[in-house]
Amino acid sequence: MASKVESLDQEKQAAPEKEPKKYPYYIESPLEDGRVKRFLEIFAAILRHSNYGPLIDIYSKATTKCARCAGTCQIYQASGDPEDVPCARSRILLDIYRRHFTLGGWLRGRMLGDPGLQDDTIDQMLDTFYDCTGCRRCSLECPMGVDHALIMRLARNILSEMGIVPKALLVSVREQLEGKSANTSAIPAPAMIDTCEFLEEELEELTGKTIKFPIDQEDREYVFFPAVSDYLLEPDTLMGNAAVLYAAGDQDNWTIGTKYFDGINYGLFYNDSILGRIIDKEISEVRRLKGKKILTGECGHASRSSKAFVNTFNTGEEIPVISIMEYTMNAIHDGKIKLDPDAITETVTYHDPCNMARSGWIVDQPREIINSFIKNFVEMTPHGAENYCCGGGGGTVSVDEVYDYRMKVTGKIKADQIIATGAELVIAPCANCKKQLKEIIEYYKIPAKVVGLHDLILRAIRFPENEKTD
Amino acid sequence: MQEILAYAQGPIFRLCFIIMVLGFLQHIVFAVWGIIQMIYRARDRDNAYGKMILRVISWMFPIHRLHRNLPLTSYSSFIFHVGLIIVPLFLMDHINLWRSGIGFGWPALPKSIADIITLAALASGAILLVLRIFTRTTRQISGFMDYFLLILLLMIFTTGYIASRPYNPVPYATTMFFHSMAGNILMILAPFSKITHCILYPFIRVTSELAWKFPPEAGRDVEIQVHGEVKPI
């Protein structure tokens, strides 16, 4: 990662002192000796218990190295480093699998004198597998149907069981699963309640309506899980969410739980056990509040981790997961929300968060919402399911140590895309994308502002004059 | 030479063919078993099989996708694969070979069309080889077998084409011997190399999609096996 940034950095005159290669920002008590043995033990355990076995087996037999994925990968396009070609990256792990877990690979290794996995390869892996943002754009173009993000997850999973995880992710997850606050931003529940009360006052000033953030209410239809950082950084998004729920007549139909209110799930990026434990917390909170559905806020990976994995870990009655984008679109369809078409005069573009859009789940909904009230809407090219990642996916946005890499390599194409639209406002309905895009805009000095979709809805929402204020 | 050729087209051909079929069968058994295992282990079994199969079929005819990404590679690869499928199956001489082996045959393509397809496959294969050698991206990720298999396939096409000309600079039997032996080598290598994708193709995409349905206890079980407990973070 560091070397790529250096080679791209034309301004640097003298090469900086080389930092120790091992664990530049990976935590805390990393293994120094016996790493190869440990890696293979963990790999074997994962192959035994998980579904990665059949997956890596079939990939190792049939991938053809056609390199079509290279044409889609924004990281490779920006860095030009052959290691960034998705199938080249995956091949590292596939080779280890072949050599150590298949008879043919073992025989070939013995005949050719291939000693197998070496210590250096582990360093190479911790570098390269965290270079990938897991955007899954390459999966769209693989003729075989190989999904390199699964191999990336598997590699990170093995490394994380060795104790190798970027510190930023680890401390957040520790607070979320074992800390008092039970969320990644360490916001105590009373502080969250205070924030909500403050936002209620703001909403009253803005709209003249008594719009509530219902706390710990039982038997509600929706239990709301935004990215918890929204409580600190994105008050307009949250107010927009509450205003939509109010206008749609669901003021008394949703709630926020105080025991657990964080949608963020870094387990999606690096570890199955953590993914499951975080989903379990979400499910427990819904059960505690006797809620019926999970309503996810504006956040890509939070929405996807709930949507795709609640059914994986849920043992009880089914809990449907609905994104606030779907909810708002339905409310607009039903004519429950009135948005002023003259409220937003700026040129607006929309960034599709990979975790929502790549599968085609949330692509049309935001566009229907946007087209219902925004006049000057410009699409990025490409967009929708094929959109480029913001450059901070896969948890990398939280790792401040790779800021340069995120700006100069992973975020480069996104910056070009935004500049090409000429938009003044960039809608990014995702906490991670928002942080990354704000940094990109500052770094590349793009005259645009990053907002949430519900921030703009808040500006445009109108309530009938004669409506009763309750 | 005739005797050696008969040997190459007879017992050796049959042996190689049997190795290929058995190898492919073994791959199919493992792939299906893997898929069953994945579905069985996952708690969430809400899979859109219809859509998965549609995607598999749609990628078999990727014509509308070719221009979008690396067009030269993509078009060449598509034409090459069309040749690889049609020529072994629909050429008169090959059908006769099939008939002698399995007892029945099917209508053949007219020779002129078969020739055009062969030449197109040769040209596209040559382009793929040149791209693999001279494009930095592919050169860096290619190993010996990536070149060897492609050259072997090109050799099969070339010798087959030359052998079927009425005026042949090299004796027919010699050309045919090289053609047959290269085909035999390819059949032996097929189950042990990336050529396997010709048979595993439909299973790969399905496996990828099912792999996102994780077994719920897997993470915990791994931690217990590796650390003896679900360790604190």
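All residue numbers refer to positions counted from 1 along the written sequence of the respective chain. Following the order in which they are written, the chains are lettered starting with A and the ligands numbered starting with 1. At least 70 in pLDDT is required for a residue's local features to be given in this predicted model, at least 80 for side-chain atom pairs to be given and counted, and no such filter applies to totals for whole chains, interfaces and linings, which use all residues.

(A) Here's a closer look at the overall build of chain A. Put simply, DSSP marks the helices as runs of H or I at least four residues long and the strands as runs of E at least two long, and each gets a number from the N terminus on. A count of helical and extended segments in chain A gives 23 helices and ten strands. The globule rule is 2.2 Å times the number of residues to the power 0.38, and the radius of gyration it is compared with is taken over C-alpha atoms. Rg of the C-alpha trace for chain A: 23 Å, near the compact-globule value of 23 Å for 470 residues, within the 12% margin. Along the first, second and third principal axes, the C-alpha set of chain A runs to 85 × 50 × 40 Å. Contact between residues is assigned whenever the C-beta positions, reconstructed from backbone atoms, fall within 7 Å. In chain A, 80% of the contacts between residues at least 6 apart in sequence involve partners at least 24 apart.

(B) Representation of the overall build of chain B. A tally of regular secondary structure across chain B gives ten helices and zero strands. Listing the helices and strands of chain B from first to last along the sequence gives α-α-α-α-α-α-α-α-α-α. Taking 2.2 N^0.38 as the reference for a compact globule, 233 residues should give roughly 17 Å; the C-alpha atoms of chain B span a radius of gyration of 22 Å, well beyond that estimate. Along the three orthogonal principal directions, the C-alpha set of chain B runs to about 75 × 40 × 35 Å. Pairs at least 24 apart in sequence give 70% of the contacts found in chain B among residues at least 6 apart.

(C) Quick peek at the interface of chain A and chain B. Listed per partner, the contact involves 51 residues of chain A and 54 residues of chain B. Looking at the side of chain A that touches chain B, the elements that each hand over two or more residues are α2 (35–49), α3 (52–62), α5 (86–101), α9 (148–161), α10 (167–178), α15 (272–288) and α16 (300–313) of chain A. Of all the elements, α3(A) adds the most residues to the side of chain A that touches chain B, at seven residues.

(D) View of the pairing of strand β3 (residues 293–296) of chain A. All names here are of chain A. DSSP bridges decide pairing: two strands pair if at least two such bridges lie between them. Taken together, the four bridges between strand β1 (residues 222–225) and β3 define a ladder with parallel strand orientation. Bridge pairing in β3 links phenylalanine 225 to threonine 296. Across three bridges, the pairing between β3 and strand β4 (residues 321–323) is parallel. Bridging across to β4, leucine 295 finds its partner in isoleucine 322. Handedness is read with the strands pointing away from the viewer; a crossover is right-handed when the path from the first strand over the helix to the second is clockwise. A crossover connection joins β3 to the parallel β4 through α16; in handedness this β-α-β unit is right-handed.

(E) Structural detail: the sheet that holds strand β8 (residues 425–427) of chain A. All names here are of chain A. Pairing is parallel across the open sheet formed by four strands, whose spatial order is β7-β6-β8-β9. Since the sheet does not close on itself, it has two edges, and those belong to β7 (377–378) and β9 (449–451), each with one partner. Strand direction decides the pairing type here: β8 and β9, joined by three bridges, are parallel. Across the sheet, residue isoleucine 427 finds its bridge partner in β9, namely valine 451.

(F) Quick look at the sheet that holds strand β2 (residues 254–255) of chain A. Residues and elements named next belong to chain A. Taking strand neighbours across the sheet as the criterion, the four strands line up as β2-β1-β3-β4 in an open arrangement whose pairing is parallel. Every interior strand has two partners, whereas the edge strands, β2 and β4, have only one. Relative to the sheet, α16 contacts β1, β3 and β4, its axis offset from that of β3 by approximately 155°. Only the contacting stretch of a helix is used when fitting its axis, a line to C-alpha atoms as for every element, and angles between N-to-C directions run 0 to 180 degrees.

(G) Region of the structure containing α16(A). Residue and element names in this part refer to chain A. For a helix, the expected span equals 1.5 Å multiplied by the number of residues minus one. Across its 14 residues, α16 extends 20 Å between first and last C-alpha, which sits within 8% of the 20 Å expected from 1.5 Å per residue. Taking the largest bend as the criterion, α16 deviates by roughly 30°, centred on lysine 307. Put plainly, a residue is buried at 20 or more neighbouring C-beta atoms within 10 Å of its own, exposed at 12 or fewer, and partly exposed in between, counting only other residues' C-beta atoms, which are placed from the backbone. Within α16, 14 of the 14 residues are buried, which leaves the element mostly enclosed by the surrounding structure. In this scheme, the bend at a residue equals the angle between the axes fitted to the seven residues that finish there and the seven that begin there.

(H) Looking closely at the packing of α3(A) against helix α1 (residues 2–41) of chain B. Remark: α3(A) packs on α1(B), axes separated minimally by 9 Å, with the N-to-C direction vectors making an angle of 150°. The pairing of α3(A) with α1(B) is recorded here as roughly antiparallel in orientation. As for the relative orientation of α3(A) and α1(B), their crossing is left-handed in sense. Of the residues in α1(B), those touching α3(A) at A:Pro54, A:Asp57, A:Ile58 and A:Lys61 are B:His27, B:Phe30, B:Ala31, B:Gly34, B:Ile35, B:Gln37 and B:Met38. Each angle gets one of four labels, with under 35 degrees taken as roughly parallel, over 145 as roughly antiparallel, 65 to 115 as roughly perpendicular, and the rest as oblique. With the far helix as reference, a near helix turned anticlockwise by less than a right angle produces a left-handed crossing, and one turned clockwise produces a right-handed crossing.

(I) Region of interest: α1(B). Here α1(B) is 40 residues long and its end C-alpha atoms lie 57 Å apart, about the 58 Å a rise of 1.5 Å per residue gives. All of the buried residues along α1(B) are B:Ala8, B:Cys16, B:Met20, B:His27, B:Ala31, B:Gly34, B:Met38 and B:Arg41. Of the surrounding elements, those touching the buried residues of α1(B) are α3 of chain A together with α8 (172–189) and α9 (197–211) of chain B.

(J) Inspection of unusual backbone geometry at higher detail. Residues and elements named next belong to chain A. Put simply, threonine 381 and proline 382 share a cis peptide bond, and its omega is -10°. Here proline 382 lies in the loop between β7 and α20 (403–410). The phi torsion at alanine 67 lies on the positive side, around 70°, for a residue other than glycine. Along the chain, alanine 67 falls in the loop between α3 and α4 (74–79). Classification of alanine 67 as buried rests on a count of 24 C-beta atoms within 10 Å. Here the phi dihedral of aspartate 219 falls at roughly 60°; this positive angle occurs in a residue that is not glycine. Here aspartate 219 lies in the loop between α11 (189–207) and β1.

(K) Geometry of the packing of α15(A) against α16(A). Residues and elements named next belong to chain A. Axis separation between α15 and α16 bottoms out at 9 Å; the angle between their running directions is 90°. Accordingly, the angle class assigned to the pair α15 and α16 is roughly perpendicular. Taking contact as the criterion, the partners of Leu275, Gly276, Ile279, Asp280, Glu282 and Ile283 in α15 are, on α16, Ser305, Ser306, Phe309, Val310 and Phe313. Across the contact of α15 with α16, the residue classes tally to six nonpolar, three polar and two charged. Ten residue types, Ala, Val, Leu, Ile, Met, Phe, Trp, Tyr, Cys and Pro, are classed as nonpolar, four, Asp, Glu, Lys and Arg, as charged, and the remainder, Gly among them, as polar.

(L) Quick peek at the environment of A:Tyr26. All names here are of chain A. For tyrosine 26, the location among the structural elements is in the loop between α1 (2–8) and α2. Distance from tyrosine 26 to serine 160, taken between C-alpha atoms, is 9.8 Å for residues 134 residues apart in sequence. Sequence-distant contacts of tyrosine 26, that is, excluding residues within four places in its chain, are made with Leu126, Ile164, Val165, Pro166 and Lys167.

(M) Inspection of the environment of A:Asp131 at higher detail. Position of A:Asp131 among the secondary structure elements: in the loop between α7 (119–128) and α8 (138–141). Here the alpha-carbon distance between A:Asp131 and A:Ile193, two residues 62 residues apart in the chain, equals 37 Å.

(N) Up close: the confidence of the model for chain B. For chain B, per-residue confidence averages 93 on the pLDDT scale, and residues scoring 70 or more make up 100% of the total. As a per-residue measure, pLDDT reflects the predictor's confidence and takes values from 0 up to 100. The secondary-structure element of chain B with the lowest mean pLDDT is helix α4 (residues 92–102) of chain B, recorded at 84, while α9(B) shows the highest, at 96.

(O) Inspection of the environment of A:Ser79 at higher detail. Tracing the backbone shows A:Ser79 in helix α4. Distance from A:Ser79 to A:Tyr405, taken between C-alpha atoms, is 9.8 Å for residues 326 residues apart in sequence.

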